[in-house]
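Coordinates in review
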Amino acid sequence: MLVNGKWTEDWQPVQATDAKGGFVRQVSSFRNWVTPDGSAGPTGESGFQAEAGRYHLYVALICPWASRTLITRKLKTLDDVISVSVVEPALSDQGWRFGDFPGANRDDLNGASYVHEIYTRADATFTGRATVPVLWDKERKTIVNNESADIVRMLNSGFGALADESVDLYPEALRNDIDALNERIYPSLNNGVYRTGFATTQVAYEEAFHGVFAMLDELETRLAASGPFLTGGTFTEADIRLFVTLIRFDAAYYGLFKCNRQRLADYPALSAYTKRVLDLPGVRDTVSIDHIKHGYYSIKSLNPHRIVPVGPDLSALGL
Ligand SMILES: N[C@@H](CCC(=O)N[C@@H](CS)C(=O)NCC(=O)O)C(=O)O
């Protein structure tokens, strides 16, 4: 991680644990918002007006949080408005690295070798983990925001007519439902799989494991009873947040994170739902099973020899 702007130690997946040995994720620190007129958003300062070509996303295709933002960019048809760089899937000793892995890019914008350099370019004394996604402002040469939940919302409504305004991923009438779903799905499932995989005690592992499957069971019943999406007929950001975890489940979480009570493929309604989301225009372009497998299985503390599994067979999803 970075301490006072200096890279300090080899990258480790777990920075903080709770009293029971459970994995604790760092809180994001750049919280400004792009808005149609440049006024301040719900947090942070003003001065980030929506403009075509001004903003850039740094992402990893292995990362579910970064993938949320990539999917939103696609669905809002912001491809020509916001440029993207994809890091290599394997975490290096200095965290995310730019390079030549198929599907990854060099950093043509800032000429950085590692994502942590983007952070110190924005704040020379930054302390914390250099996470993706990062929304970068080419004009002010700084990070606008590094919290995917915020970035999804600003891509949804901060770019006005530069985006497809007929798509609303956070419609007013569904906000309570979406917020309630997010609040439960994030701890038990999105972050729950990480808490399962990175637990350092049996108690923390089992608690997280049961939370993951209780939520999957509940969502299976919900989607079998009423769909096609989480809130019914409208596809929303809650679906994006669920999808990014489901699509990684059999390839990474089932094996590496020991979430192995059953596979996504063993849940008929959740599998059909995953395929439905994958088939929305542009979504498939944001998914690389190759990056997902190489990325997760590169985590040395969980897989010391870094062998990448050949399976699973994901042909039912067309992957
Ligand atoms: N709160 C952040 C979390 C992002 C996050 O944890 N990203 C992970 C990848 S999945 C990361 O970059 N980890 C690198 C590190 O922790 O050093 C968000 O949702 O945007």
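This one's a predicted model, so the numbers in the text were calculated from it and none came from an experiment. (Residues numbered from 1 in each chain as written. Predicted model: local features only at pLDDT ≥ 70, side-chain atom pairs only at ≥ 80, totals over all residues. Heavy atoms only, no water.)

As for the overall build of the chain
- A tally of helices and strands in the chain yields 9 helices and 8 strands.
- Taking 319 residues into account, the globule formula puts the C-alpha radius of gyration at 20 Å, and the chain, at 19 Å, falls close to it.
- Its C-alpha atoms put the chain at 50 × 45 × 40 Å along the principal axes.
- Out of the 319 residues belonging to the chain, those deemed buried represent 54%. (Helix = DSSP H or I, 4+ residues; strand = E, 2+ residues; numbered from the N terminus. Rg over C-alpha atoms; globule rule 2.2 N^0.38 Å. Buried < 20%, exposed > 50% of the residue type's maximum accessible area, 1.4 Å probe, protein only.)

Considerations on the pattern of salt bridges
- What the rule picks out here adds up to 19 salt bridges.
- Measuring nitrogen to oxygen at the nearest pair gives 2.7 Å for the salt bridge that ties Lys74 to Asp79.
- In this structure, Arg184 engages Glu218 in a salt bridge whose closest nitrogen and oxygen atoms are separated by 2.7 Å. Placement of the pair is Arg184 in helix α4 (residues 175–190) and Glu218 in helix α6 (residues 202–225), with a sequence separation of 34 residues.
- For Arg184, a relative accessible area of 43% corresponds to the partly exposed category.
- What emerges from the salt-bridge pattern is a single network uniting Glu51, Arg54, Asp137 and Glu139. (Salt bridge = Lys/Arg side-chain N within 4 Å of Asp/Glu carboxyl O.)

Things to note about the sheet that holds strand β8 (residues 142–145)
- With mixed pairing, the 4 strands of this open sheet are ordered in space as β6-β5-β7-β8. On the outer flanks of this sheet lie β6 (82–86) and β8, each paired with one strand and no other. In this sheet, neighbouring strand axes are inclined to one another by 35 degrees on average, regardless of whether the strands run parallel or antiparallel.
- Sheet topology note: the strand β7 (residues 134–137)/β8 ladder contains 3 bridges and is antiparallel. The residue of β8 that forms the bridge with Trp136 is Ile143. (Pairing = 2+ DSSP bridges. Axes fitted to C-alpha atoms, helices over the stretch in contact; angles between N-to-C directions.)

Remarks on the site of the ligand
- Neighbouring the ligand are 15 residues; Trp11, Arg25, Arg129, Glu147 and Ser148 lie closest to it.
- At 2.6 Å, a side-chain N or O of Ser148 approaches an oxygen atom of the ligand.
- Protein chains bury 90% of the 510 Å² of accessible surface belonging to the ligand in isolation. (Near = heavy atom within 4 Å. Polar contact = N/O pair within 3.5 Å; in protein donor to acceptor, adjacent residues only side chain to side chain. Areas by Shrake-Rupley, 256 points an atom, 1.4 Å probe, with all protein chains shown as cover.)

Describing the UniProt feature "site: Lowers pKa of active site Cys" (unreviewed entry) in the chain
- In this numbering, the UniProt entry assigns the feature "site: Lowers pKa of active site Cys" (unreviewed entry) to Tyr253 and Tyr296. These annotated residues cover 44 residues of sequence, and their C-alpha atoms lie no more than 8.7 Å from one another, placing them together at a single site.
- Structurally, Tyr253 is set in helix α7 (residues 237–253).
- When its relative accessible area of 0% is taken as the criterion, Tyr253 is described as buried.
- Discounting chain neighbours no more than four positions away, the residues touching Tyr253 are Pro64, Val193, Tyr194, Thr245, Arg248, Lys258, Cys259 and Tyr296.
- Here Tyr296 is to be found in helix α9 (residues 289–296).
- Sequence-distant contacts of Tyr296, defined by excluding residues within four places in its chain, comprise Ile62, Pro64, Tyr194, Arg248, Ala252, Tyr253, Leu256 and Phe257.
- For Tyr296, the side chain forms a polar contact with the side chain of Tyr253, separated by 2.7 Å. (UniProt positions renumbered as here; feature names shortened; annotations may be inferred. Contact = heavy atoms within 4.5 Å.)

Quick word on the side chain of Thr274
- Among the secondary structure elements, Thr274 is positioned in helix α8 (residues 268–278).
- Overall, Thr274 belongs to the buried group, its relative accessible area being 0%.
- Not counting chain neighbours up to four residues away, the residues in contact with Thr274 comprise Phe243, Leu246, Ile247, Leu264 and Leu317.

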